[in-house]
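Here's the letter readout for the chains.
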Amino acid sequence: MSKTEDNLKAAFDGEAKACLRLLGYAEAAEKEEMPYFAGLFRAISAAERVHALNHLRLMKEIEDTQTNLQKSFERETSVTDNVYPEMIKTADEEGNKGALTSFSHARDAESFHAKLYKNALDHMIEEKVTHYNVCGVCGYVVDGDAPDECPVCGAKKEKFFRVD
Ligand code: FE2
Ligand code: FE2
Ligand code: FE2
């Protein structure tokens with residue numbers, strides 16, 4: 001890997017993190033009833049997203065959709081089976097309840113993400129246009145309308161947001 005290829009990866013990581021960090025800052029500004037600053041954070045976050053995606057496109061990590069689905073399925077499976085269980089164990093040992101809940105929600109939601117990818121891979125030919133609903137508490141994703149209660153975290157329907 002050339003130095004510039006390393007730099008693209010580092011720059012992507014930095015921009016992707018900045019994009020999300022700024023969304024966290026925007027949420028905080030909303031809570032503090034400072035909508036102007038929330039808007040500023042959201043705008044710069046959107047700009048960092050542009051940078052991150054520009055770098056990512058040059059990293060040759062985006063392939064054809066079948067490959068992208070397969071790789072995404074593998075990543076979700078790996079975090080569900082290996083990465084999060086290890087983190088959950090450590091958070092439990094260290095008595096970090098917040099992290100324990102956050103990791104557990106993520107682990108459970110990721111297994112549903114893996115199922116959605118698997119389903120998409122199995123039905124590549126019969127594509128259908130659908131909409132999804134995402135639990136704003138734990139990240140569970142459902143194909144179609146939101147359930148009355150999230151099967152992962154128990155959040156009510158109102159906590160879901162629709163993604164088309
Ligand atoms: Fe940037
Ligand atoms: Fe996931
Ligand atoms: Fe949930």
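Check the entry above for the structure.
Note that this is a predicted model, so its numbers are computed, not measured.

(A) Just the coordination of the iron ion (ligand 2), in detail. Around the iron ion (ligand 2), the protein contributes the donor atoms E76 (OE), E76 (OE), E110 (OE) and H113 (ND1), which lie 1.9 to 2.3 Å from the metal centre. For the iron ion (ligand 2), the four donor atoms in the first shell make angles of 57 to 140° at the metal, so the coordination geometry reads as irregular. Between consecutive donors of the iron ion (ligand 2), the numbers of intervening residues give the motif E-x33-E-x2-H. Of this pair, E110 and H113 both sit in helix α4 (residues 97-122), separated by three residues, roughly a single helical turn. Overall, the relative accessible area of 17% leaves H113 in the buried class.

(B) Region of interest: a nonpolar patch on the surface. On the surface, M34, Y36, F37, L40 and I44 cluster together into a nonpolar patch covering about 490 Å² of accessible area. Note on placement: F37 falls in helix α2 (residues 35-58).

(C) Examining the environment of F161 more closely. Structurally, the position occupied by F161 is in strand β3 (residues 160-163). When its relative accessible area of 44% is taken as the criterion, F161 is described as partly exposed. Taking the C-alpha atoms as reference, F161 lies 18 Å from R42; in sequence the two are 119 residues apart. Non-local contacts of F161, meaning those with residues more than four positions away in its chain, are made with Y132, N133, V134 and G136.

(D) Molecular detail of the pairing of strand β1 (residues 132-135). Bridge count for β1 against strand β2 (residues 141-143) is three bridges, and the pairing is antiparallel. Within β2, the residue paired with Y132 across the bridge is D143. One ladder, built from four bridges, connects β1 with β3; its direction is antiparallel. In the sheet register, N133 faces β3, and the bridge partner there is R162.

Each value, and the rule that gives it
Residues numbered from 1 in each chain as written. Chains lettered and ligands numbered in written order. Predicted model: local features only at pLDDT ≥ 70, side-chain atom pairs only at ≥ 80, totals over all residues. Heavy atoms only, no water. Donors = N, O, S within 2.8 Å, 3.2 Å for Na, K, Ca; no water. Tetrahedral: all angles 85-135°; square planar, octahedral: opposite > 155°, others 65-115°. Helix = DSSP H or I, 4+ residues; strand = E, 2+ residues; numbered from the N terminus. Buried < 20%, exposed > 50% of the residue type's maximum accessible area, 1.4 Å probe, protein only. Patch = residues over 30% accessible without salt bridge, like charges linked within 9 Å, V, L, I, M, F, W, Y side chains within 5 Å. Areas by Shrake-Rupley, 256 points an atom, 1.4 Å probe, with all protein chains shown as cover. Salt bridge = Lys/Arg side-chain N within 4 Å of Asp/Glu carboxyl O. Contact = heavy atoms within 4.5 Å. Pairing = 2+ DSSP bridges.

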